[in-house]
Amino acid sequence: GSQLHIIAEHSDSVLIVDAETGVVLREVRVGHRPKAGTLASNGTTLFVTNALSGSLSVLDVVNGEELARIPVGADPHGVVIDPTNRLVYVLNTGENSISVIEVESMRESRRLAAGAGPWSLALQPGGIIAAATSVRPNPARFRDPPVAEVTFLDTSAGLVVERLPIPGANMLQGIAWIPARQTAIA
């Protein structure tokens, strides 16, 4: 598109920048410590997680204003919108859950279980499956190797379909899908 949306964590804002000129067009205030964002396919609605506010900001990037601030779980980080723009998924790092937000009502409809400290979320290209990393390993006995997990969501149904353990893994932060493949890299 013609705009960049830059999440400015320390100024509690989102900068809307002209991609060609680099000029800041608007600065929109959001909740405390914004972390991640996802843009609806209409290109005008941006959803931004606010880690220290426990909320999700809904922005109109055309007019440069916050339309709503929706309460979610503790310390939200990753966020993704489903391909139909019906549901937004927010990873609540502080409570090992995923908030499911209905876009039409702008309300949380339910919470799903996730791994320990869900952090980053990516939607499969052209698909409905999203994968979420866990920044902390699952609880284990002293001196046992860590086991983190990746949580897979069916974004059309709003359900967790698999919680895949990753033996020997700790601090899984980023995740991305390989285009044209059914493979995610964490």
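Just so it is clear, the model here is predicted, and its values are computed rather than measured.

A. How the structure looks around the environment of Lys35. Structurally, Lys35 can be placed in strand E4 (residues 34–39). Along the primary structure Lys35 and Leu91 are separated by 56 residues, whereas in three dimensions their C-alpha atoms are 11 Å apart. A polar side-chain atom of Lys35 sits 2.8 Å from a polar atom in the side chain of Glu9.

B. Geometry of the nonpolar core. Counting residues in hydrophobic clusters, the biggest one holds 13 residues, and the most contacted among them are Phe47, Leu56, Val79, Ile81, Val88, Val90 and Ile101. At the level of elements, strand E6 (55–60), strand E8 (76–81) and strand E9 (87–92) are the ones that each hand at least two residues to this core. Not counting the four nearest positions on each side in its chain, Ile101 is found in contact with Leu56, Ile70, Val72, Arg86, Leu87, Val88, Val90, Met106, Arg107 and Glu108. Membership of the second largest hydrophobic core comes to twelve residues, among which are Val100, Leu112, Ala130 and Ala132.

C. Structural context of the pattern of salt bridges. For the structure on display, the rule yields seven salt bridges. Between Glu9 and Arg33 there is a salt bridge; the shortest N-O distance is 3.9 Å. Of the two residues, Glu9 sits in the loop between strand E1 (3–8) and strand E2 (13–18) while Arg33 sits in the loop between strand E3 (24–29) and E4, which places them 24 residues apart along the sequence. Between Asp144 and Arg141 there is a salt bridge; the shortest N-O distance is 3.7 Å. Salt bridges sharing partners connect three or more residues here, namely Glu9, Arg33 and Lys35.

D. Expanded view of the sheet that holds E4. Taken together, four strands build an open sheet; the order of strands is E4-E5-E6-E7 and the sheet is antiparallel. Every other strand in the sheet has two partners, leaving E4 and strand E7 (65–71) as the edge strands with one partner each. When the angles between neighbouring strand axes are averaged without regard to direction, this sheet yields 25 degrees. Relative to E6, strand E5 (residues 45–50) is paired through six bridges, and the arrangement is antiparallel. Within E6, the position partnered with Thr49 by the bridge is Leu56.

Cut-offs and rules
- Residues numbered from 1 in each chain as written.
- Predicted model: local features only at pLDDT ≥ 70, side-chain atom pairs only at ≥ 80, totals over all residues.
- Heavy atoms only, no water.
- Helix = DSSP H or I, 4+ residues; strand = E, 2+ residues; numbered from the N terminus.
- Polar contact = N/O pair within 3.5 Å; in protein donor to acceptor, adjacent residues only side chain to side chain.
- Core = buried A, V, L, I, M, F, W, Y, C linked by side-chain atoms within 4.5 Å.
- Buried < 20%, exposed > 50% of the residue type's maximum accessible area, 1.4 Å probe, protein only.
- Contact = heavy atoms within 4.5 Å.
- Salt bridge = Lys/Arg side-chain N within 4 Å of Asp/Glu carboxyl O.
- Pairing = 2+ DSSP bridges.
- Axes fitted to C-alpha atoms, helices over the stretch in contact; angles between N-to-C directions.

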